[in-house]
Amino acid sequence: MKWLGRLCIAIVALLLLTPIVIWLDALATINNYEQTDNSLRVENKQHYLAEIETLTATEQRPNIVFILFDDLGYGDLGYTGSQSIATPTIDSLAAGGIVLNQFYSPSPVCTPARAGYLTGRLPARAGTAEVAFPKGGFISDLQKYYGVNLRMPAEEITMADILQASGYITGMVGKWHLGDISPSLPNDMGFDDFYGALYSNDMQPFAMYRNRDIAVAAPVDQTQLNDLYGGEAEQFIARQTDKPFFLYFAHNFPHVPLYIPDEDKNRSQGGLYGDLIEGLDDTVKRIVTALKIKGVYENTIIILTSDNGPWYQGSPGSNRGRKNDIFEGGMHVPMLFHWPQQLAPGKSLDGMSMGIDLLPTVLDWLQLPAPKDRIIDGKSIRTMLEQDQPSPHQYLYYYRGQRLFAVRDSRYKYHEVAHYYYANDLMPVTPEIHKGPWLFDLSLDNNESYDISANRPEVLQRMESALKAKRDEMAANKRGWLPDS
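Residues numbered from 1 in each chain as written. Predicted model: local features only at pLDDT ≥ 70, side-chain atom pairs only at ≥ 80, totals over all residues. Heavy atoms only, no water.

**Student:** Looking at this structure, I do not really get the overall build of the chain. What am I missing?
**Tutor:** A count of helices and strands for the chain gives 12 helices and 18 strands. Expected size for 485 residues packed as a compact globule is a radius of gyration near 23 Å; at 24 Å, the chain falls within 12% of this value. Principal-axis analysis of the C-alpha atoms places the extent of the chain at approximately 95 × 60 × 55 Å. Out of the 485 residues belonging to the chain, those deemed buried represent 54%. Residue pairs in contact within the chain that sit at least 24 positions apart in sequence constitute 69% of those at least 6 positions apart. About 21100 Å² of surface is accessible on the chain, with carbon and sulfur atoms providing 54% of the total. The centroid of the 43 positive side-chain charges in the chain is displaced by 5 Å from the centroid of its 58 negative side-chain charges. (Helix = DSSP H or I, 4+ residues; strand = E, 2+ residues; numbered from the N terminus. Rg over C-alpha atoms; globule rule 2.2 N^0.38 Å. Buried < 20%, exposed > 50% of the residue type's maximum accessible area, 1.4 Å probe, protein only. Contact = heavy atoms within 4.5 Å. Areas by Shrake-Rupley, 256 points an atom, 1.4 Å probe, with all protein chains shown as cover. Lys, Arg positive; Asp, Glu negative; His and termini not counted. Charge placed at Lys NZ, Arg CZ, Asp CG, Glu CD.)

**Student:** Could you clarify how one ought to interpret the packing of helix α7 (residues 225-239) against helix α8 (residues 271-294) in this entry?
**Tutor:** Axes are the key here: two packed helices are described by the angle between their axes and the distance separating the axes. Running from N to C, α7 and α8 cross one another at 15°; their axes reach a closest spacing of 9 Å. Regarding the angle of α7 to α8, the classification is roughly parallel. For α7 against α8, the interelement crossing comes out right-handed. Taking contact as the criterion, the partners of Asn226, Asp227, Gly230, Gly231, Ala233, Glu234, Ile237 and Ala238 in α7 are, on α8, Gly279, Leu280, Thr283, Arg286, Ile287, Ala290, Leu291 and Lys294. Residue classes in the contact of α7 with α8 are distributed as seven nonpolar, five polar and four charged. (Axes fitted to C-alpha atoms, helices over the stretch in contact; angles between N-to-C directions. Parallel < 35°, antiparallel > 145°, perpendicular 65-115°, else oblique. Left-handed = near helix turned anticlockwise from the far one by under 90°. Nonpolar A, V, L, I, M, F, W, Y, C, P; charged D, E, K, R; others polar.)

**Student:** What's the story with the sheet that holds strand β4 (residues 169-175) in this structure? I'm lost.
**Tutor:** The strands that make up a sheet are held in pairs by hydrogen bonds between backbone atoms, and each pair lies either parallel or antiparallel. If you trace the 10 strands from one edge of the open sheet to the other, you get β7-β6-β5-β4-β8-β1-β9-β10-β2-β11, paired in mixed fashion. The open sheet is flanked by β7 (213-216) and β11 (347-349), the only strands paired with a single partner. Within the sheet, the average angular offset between the axes of one strand and its neighbour, ignoring direction, is 15°. Two elements, β4 and strand β8 (residues 245-250), share six bridges in a ladder whose sense is parallel. Bridge pairing in β8 places Gly174 opposite Ala250. (Pairing = 2+ DSSP bridges.)

**Student:** Any chance you could explain helix α10 (residues 358-366) here in plain terms?
**Tutor:** Think of an α-helix as turning once every 3.6 residues; residues three or four places apart then point the same way. Of all nine residues in α10, eight are buried; the element is thus mostly enclosed. Turning to α10, its buried residues are Leu358, Leu359, Pro360, Thr361, Val362, Leu363, Trp365 and Leu366. Downstream of α10 by a residue or two, Gln367 has a phi angle that is positive, lying close to 55°.

**Student:** Explain the side chain of Gln143 here, please?
**Tutor:** Among the structural elements, Gln143 can be located in helix α5 (residues 138-145). The contacts of Gln143, once residues within four sequence positions are left out, are Glu130, Val131, Phe133, Val148 and Leu150.

**Student:** When you look at the sheet that holds strand β18 (residues 438-441) in this model, what are you seeing that I'm missing?
**Tutor:** Judged by pairing direction, the sheet is antiparallel, and its four strands sit side by side in the order β13-β14-β15-β18 without closing on themselves. Two strands lie at the open edges of the sheet, namely β13 (396-400) and β18, each paired on one side alone. Averaged over neighbouring strand pairs, the angle between their axes works out to 25° when direction is ignored. Each of β13, β14 (403-408), β15 (412-415) and β18 touches helix α12 (residues 457-476); the most contacted strand, β14, lies at about 140° to it.

**Student:** I tried to follow the environment of Leu72 on my own but got confused; where do I start?
**Tutor:** Here Leu72 is to be found in the loop between β1 (63-69) and α3 (88-95). If we ignore the near neighbours within four places in the chain, the residues touching Leu72 are Leu77, Pro254, Tyr273, Ile277, Ser306, Asn308, Gly309, Val333 and Pro334.

Structural data, given as structure tokens:
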């Protein structure tokens, strides 16, 4: 029976050694990880930007100020219905500009949303479908193990890249969150000047950078963020002379944790969150005032929106869901365009659009060509803004990570079968429940409360086909590369 004892010892040894082998293999995978860029597409990017540099600029090109808040809910502003929070400056911009009632972030979470806004491409297309985390941390190592990109690929072309090549002075103030590793830092991706944080305010170490160097060491006193960011925006605008400028103002708030200076406490009827939002409105006022002092307010395009819906606090309006959801509350965000010299004031439009439309719309206004070696998923909404034309989109697509979960047209929204978590405060474990497919009539039910799939089988089939067609298209050409022209 000696053989039986030896077998038992061997089995025990194998069981003990297996976790060690797996751990060593994981360490090797992490240590050997290297995100690579597509050298051909990087070269194409350089050629495209060189071509942009040779183009004759249109006269009196507008300045562009893109204000992007972090986790601002659809219902958090006065003009979108808040009764607890006063936002007079933002409301004034909305009244003097154009409000888009059916506007969506490219993603329900921050990193992919920002990639979509800046590149005009769906985040899964832009190689930035997951949230970026600080280098060297546990989650970053876990992403290395699974082969997830840690930064936006260098071959992606940002709005700042294009505007910089066309002669704009480009500056960024605020949260980058597209990777903290070169060659994907703000100064690598088209910004002449950068002041801000490389990721969310709940990630450590939270420091302020000026270009590539630390300007304020961690931990930054976040009660001073409004003052720091507002001052930097004012100074950037004041420094400009004879060239048009692009300011990307990407505030870290109202992402949690929430911090406000003592003088802003108890100013709103919306608690700490409301106090913070009213402070953000003050910061927008500083930007508007700086533009007026500089004498460029009339010919400056101000764009204001959010990267996704609200998290623990904040209002998604009457929408169902919050940040990280593909329900409306996760991606339906406030959006306004304000450009006194070009856009008629006081309009509220119901045509659907998405953050990926921002880049092609700016290119359309500036009469600049889009790159020809890649798919730009967004579409120009210039005629929608200027002439009240219908949306250029037949469908909008709701991605979370790499997966396409839902699709909408001008009226209906289709969710495929997915897992959802239902719980109450007494449940220590949340069960996963598979539900769907669902069909909602957003014209009557933007809260996505009533599944009408049984009543509209023909619509259900059409929407399901649209989702599957998009999934097949992405599978065939995920990064959206086109043949060299």
